[in-house]
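As a plain string of letters, each chain reads:
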Amino acid sequence: MASELKNLSVFDTSELPDVGHRRFAILVSEWNSDVTEALYQGAYDTLIQYGVKPDHIVRGNVPGSYELSLASLWFAQRDDIDAVIALGCVIQGETKHNDYINNAVAQGLTNVSLKTSKPVIFGVLTPNDQQQALDRAGGKHGNKGDEAAITAIKMLGLQKQVYSFQFK
Ligand SMILES: Nc1c(NC[C@H](O)[C@H](O)[C@H](O)CO)[nH]c(=O)[nH]c1=O
Ligand SMILES: CC(=O)[C@@H](O)COP(=O)(O)O
C-alpha cells in the first residue's frame, strides 16, 4: 500500500508483546543524515513508547545504506540482540547506482534475517527526490523509523507465539 494511502506512523497497537526484556540494534546510514537522523529518532522514540528500556537499545552508524547488510549481520549474530532495525535513505541520482544499492540492501537484509532467524527490519527509504524522503521521515506520510520499530516489536511477538504455541 503506497504511503499516500497509509501513514507510516499509524499502526494497530492492540496486540503488542511485552518487550521490556528485549534488546535492539538500530543501524543508521550516514548518507542523507538529515533524513536518517529523523528516521532514527522516530525508531528510538517508538521503541521507548512501547516498552523497550533505553539501555536495551544500541546504535551503530554505517557509511552508507549498502553497508547496512554486513553491519546487521554483525549485530544479529550477537546472542544479546533480539532484533535489528536498519535505517537509510537512498535518493535516486543521475545514474542507476541507487537501483544497485537498493536491491543489494533489500536482499542483503533479508538474507541476514533468514540466516539468523531474527527480525532485521528494512527501514530504508528509496525516494525519487529529497522531498519524498522528508515526507517519509516525519513529514506528511509519517516516519519510516516509527514503522520499522513497531515492525520489529510485532515480529518479536510473532516469534514468541510461534515458539510457545502448543497444539492441544
Ligand atoms: N548514494 C547513496 C549512498 N551511496 C553510498 C553507498 O551506500 C555505499 O556506502 C558506497 O557505495 C560504498 O560501498 N548511500 C546511501 O545510503 N544513500 C544514497 O543516496
Ligand atoms: C544513489 C546516489 O544518490 C549516489 O550514489 C549518487 O548517484 P548518482 O551518481 O547516480 O547521481
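Just so it is clear, the structure is predicted and the values come from calculations on it, not from any experiment.

(A) Local environment of the overall build of the protein. Of the regular secondary structure elements, the protein holds five helices and six strands. Over its C-alpha atoms the protein spans a radius of gyration of 16 Å, differing by no more than 12% from the 15 Å that the globule rule assigns to 168 residues. C-alpha extents for the protein along the principal axes are approximately 55 × 30 × 30 Å. If you sum the accessible surface of the protein, you get close to 9300 Å²; carbon and sulfur atoms cover 52% of it. Placing the 15 positive and 19 negative side-chain charges of the protein at their respective mean positions leaves the two points 8 Å apart.

(B) Spotlight on unusual backbone geometry. Positive phi is not limited to glycine here, since Asn 32 has a value of about 55°. Secondary-structure assignment places Asn 32 in the loop between strand 1 (24-29) and helix 1 (33-49). One non-glycine residue with positive phi stands out, namely Ser 117, at about 55°. Relative to the helices and strands, Ser 117 is located in the loop between helix 3 (97-116) and strand 4 (120-125).

(C) Looking closely at the site of ligand 2. All residues adjacent to ligand 2 are Trp 31, Ile 91, Gly 93, Glu 94, Thr 95, His 97 and Asn 98. In the model, an oxygen atom of ligand 2 is placed 2.9 Å from a nitrogen or oxygen of the Ile 91 main chain. One of the side-chain nitrogen or oxygen atoms of His 97 is found 2.5 Å away from an oxygen atom of ligand 2. Protein chains bury 72% of the 320 Å² of accessible surface belonging to ligand 2 in isolation. Considered class by class, the residues forming the shell around ligand 2 number two nonpolar, four polar and one charged.

(D) Just the environment of Ile 26, in detail. In this structure, Ile 26 sits in strand 1. Overall, Ile 26 belongs to the buried group, its relative accessible area being 0%. In this structure the C-alpha to C-alpha distance between Ile 26 and Ser 72, which are 46 residues apart in sequence, comes to 8.8 Å. With residues up to four places along the chain from it excluded, the contact list for Ile 26 reads Tyr 40, Ala 43, Tyr 44, Leu 47, Ile 57, Val 58, Arg 59, Gly 60, Ile 85 and Leu 87.

(E) Layout of the confidence of the model for the protein. Here the protein averages 97 in pLDDT, and 99% of its residues register 70 or above. Confidence metrics for the complex model read pTM 0.97 and ipTM 0.97.

(F) Up close: the sheet that holds strand 3 (residues 83-89). Across the sheet, which stays open at both edges, the four strands sit in the order 2-1-3-4 with parallel pairing between neighbours. Since the sheet does not close on itself, it has two edges, and those belong to strand 2 (57-62) and strand 4, each with one partner. Looking at each pair of strands side by side, their axes are set apart by 15° on average, direction ignored.

(G) View of the UniProt feature "binding site: 5-amino-6-(D-ribitylamino)uracil" (unreviewed entry) in the protein. Annotation from UniProt places "binding site: 5-amino-6-(D-ribitylamino)uracil" (unreviewed entry) at Trp 31, Ser 65, Tyr 66, Glu 67, Cys 89, Val 90, Ile 91 and Phe 122. Tracing the sequence through the fold places Cys 89 in strand 3. Note on Cys 89: relative accessible area 2%, which makes it buried. Ignoring sequence-local partners within four residues, the contact set of Cys 89 consists of Trp 31, Asn 32, Val 35, Thr 36, Ser 65, Val 124, Leu 125, Pro 127 and Ala 133.

(H) Quick look at the side chain of Lys 118. In this fold, Lys 118 is placed in the loop between helix 3 and strand 4. Buried Lys 118, no salt bridge; nearest opposite-charge side chain is Asp 79, N-O distance 5.4 Å. Beyond its immediate chain neighbours, meaning those up to four positions away, Lys 118 contacts Ala 76, Arg 78, Asp 79, Ile 81, Asp 82 and Ser 113.

Conventions and cut-offs
Residues numbered from 1 in each chain as written. Chains lettered and ligands numbered in written order. Predicted model: local features only at pLDDT ≥ 70, side-chain atom pairs only at ≥ 80, totals over all residues. Heavy atoms only, no water. Helix = DSSP H or I, 4+ residues; strand = E, 2+ residues; numbered from the N terminus. Rg over C-alpha atoms; globule rule 2.2 N^0.38 Å. Areas by Shrake-Rupley, 256 points an atom, 1.4 Å probe, with all protein chains shown as cover. Lys, Arg positive; Asp, Glu negative; His and termini not counted. Charge placed at Lys NZ, Arg CZ, Asp CG, Glu CD. Near = heavy atom within 4 Å. Polar contact = N/O pair within 3.5 Å; in protein donor to acceptor, adjacent residues only side chain to side chain. Nonpolar A, V, L, I, M, F, W, Y, C, P; charged D, E, K, R; others polar. Buried < 20%, exposed > 50% of the residue type's maximum accessible area, 1.4 Å probe, protein only. Contact = heavy atoms within 4.5 Å. pLDDT = per-residue confidence, 0-100. Pairing = 2+ DSSP bridges. Axes fitted to C-alpha atoms, helices over the stretch in contact; angles between N-to-C directions. UniProt positions renumbered as here; feature names shortened; annotations may be inferred. Salt bridge = Lys/Arg side-chain N within 4 Å of Asp/Glu carboxyl O.

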